[in-house]
Amino acid sequence: MRLSTIRDIALSLMIIICLGLIIHWLNSSSDKKQAVTEKTIKGLPEIVDADSFFIRDQEIRLFGIDAPEGKQFCKTEENKTYPCGRKSSQALKKLINSKAIECRVRSWDRYNRAVSICYLGKTDINDWLVRRGWALAYRKYSQNYVSAEQQAQNDRLGLWRGKFMEPWQWRHIHNPR
C-alpha cells in the first residue's frame, strides 16, 4: 500500500474514534445533568441570609424567590429604617429552629450553588418565606411563588408593611459587577 492510502485510513479511523467519543460524552453528560437535578441534600442549614445557606460544604440558593440581602435596610409604615435583610433571616431561623431540612436540587447556578426547593417536613420553605412577606417571587426565574407574594402583599405581611427596594435592584446598586 502506498503511504498516502495508509495515512488516509489512519485519519479516517481517528475521525471515527473521535466521533464515537463525542457521542459517548454527550450521552453521559445528559445522564449526569438528570442525576444532578434529582439530587436531594439533607441536613442542618447554616443560614447566610433568608434565601441562601450551607448544608455541610454545599451552598444552597432557594429556587424562585429573592429575599433582602443581609445588609439591606427597609422602611416601616412609620418610615423608620430597619434591617429587613436580618429580619428575613431571623424569620427563616425561627421556622427551622435547628431542625434538619431537605432540599431538592433543581439546577446549579454559576456560583456552583444548588438551586433548590427546600422543605421542613412538608412545609415548602421557599413558599413559606414569600407567603409571610420575607421574600419576593423571583419572576425572572419562576412563576411558582407569585400567588404567595400577592397574598402577602394583600395581607401587608413582612416587607409589605412598609417600603422596600426589591433585592435584585438593591444588589445591582450596591454590588455592581
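Just so it is clear, the structure is predicted and the values come from calculations on it, not from any experiment.

**Student:** Is there a simple way to think about the state of the cysteines in this case?
**Tutor:** Linking two cysteines covalently via their sulfur atoms produces the bond known as a disulfide. Scanning the entire structure with this criterion turns up 2 disulfides. Disulfide pairing is shown between cysteine 74 and cysteine 84; the S-S distance is 2.0 Å. An S-S torsion of about 60° defines the bridge between cysteine 74 and cysteine 84 as right-handed. With cysteine 74 in strand β6 (residues 74–75) and cysteine 84 in helix α2 (residues 84–96), this pair connects stretches of sequence that are 10 residues apart. Judged by relative accessible area, which is 3%, cysteine 74 ranks as buried.

**Student:** Explain the pattern of salt bridges here, please?
**Tutor:** A pair can form between side chains of opposite charge whenever their charged atoms are brought close. Counted by the stated rule, this structure contains 10 salt bridges. Here aspartate 51 makes a salt bridge to arginine 61, at a shortest N to O gap of 3.5 Å. Here aspartate 51 is found in the loop between β2 (45–49) and β3 (52–55), whereas its partner arginine 61 is found in strand β4 (residues 58–62), with 10 residues between them in sequence. You can call aspartate 51 buried: its relative accessible area is 2%. Classification of arginine 61 as buried rests on a relative accessible area of 9%. Across the pair glutamate 149 and arginine 139 runs a salt bridge whose closest N-O atoms are separated by 2.9 Å. Taken as a pair, glutamate 149 in helix α4 (residues 146–155) and arginine 139 in the loop between β11 (136–137) and α4 lie far apart in primary sequence, 10 residues in all.

**Student:** I keep staring at the environment of threonine 81 and nothing clicks. Help me out?
**Tutor:** Following the sequence through the fold, threonine 81 ends up in strand β7 (residues 81–82). Taking the C-alpha atoms as reference points, threonine 81 and lysine 163, separated by 82 residues in sequence, lie 9.5 Å from one another. Excluding residues within four positions of it along the chain, threonine 81 makes contact with Phe73, Cys74 and Lys75. Polar contacts involving the side chain of threonine 81 include one to the side chain of lysine 75, which spans 3.3 Å.

What counts and what doesn't
Residues numbered from 1 in each chain as written. Predicted model: local features only at pLDDT ≥ 70, side-chain atom pairs only at ≥ 80, totals over all residues. Heavy atoms only, no water. Disulfide = S-S within 2.5 Å. Helix = DSSP H or I, 4+ residues; strand = E, 2+ residues; numbered from the N terminus. Buried < 20%, exposed > 50% of the residue type's maximum accessible area, 1.4 Å probe, protein only. Salt bridge = Lys/Arg side-chain N within 4 Å of Asp/Glu carboxyl O. Contact = heavy atoms within 4.5 Å. Polar contact = N/O pair within 3.5 Å; in protein donor to acceptor, adjacent residues only side chain to side chain.

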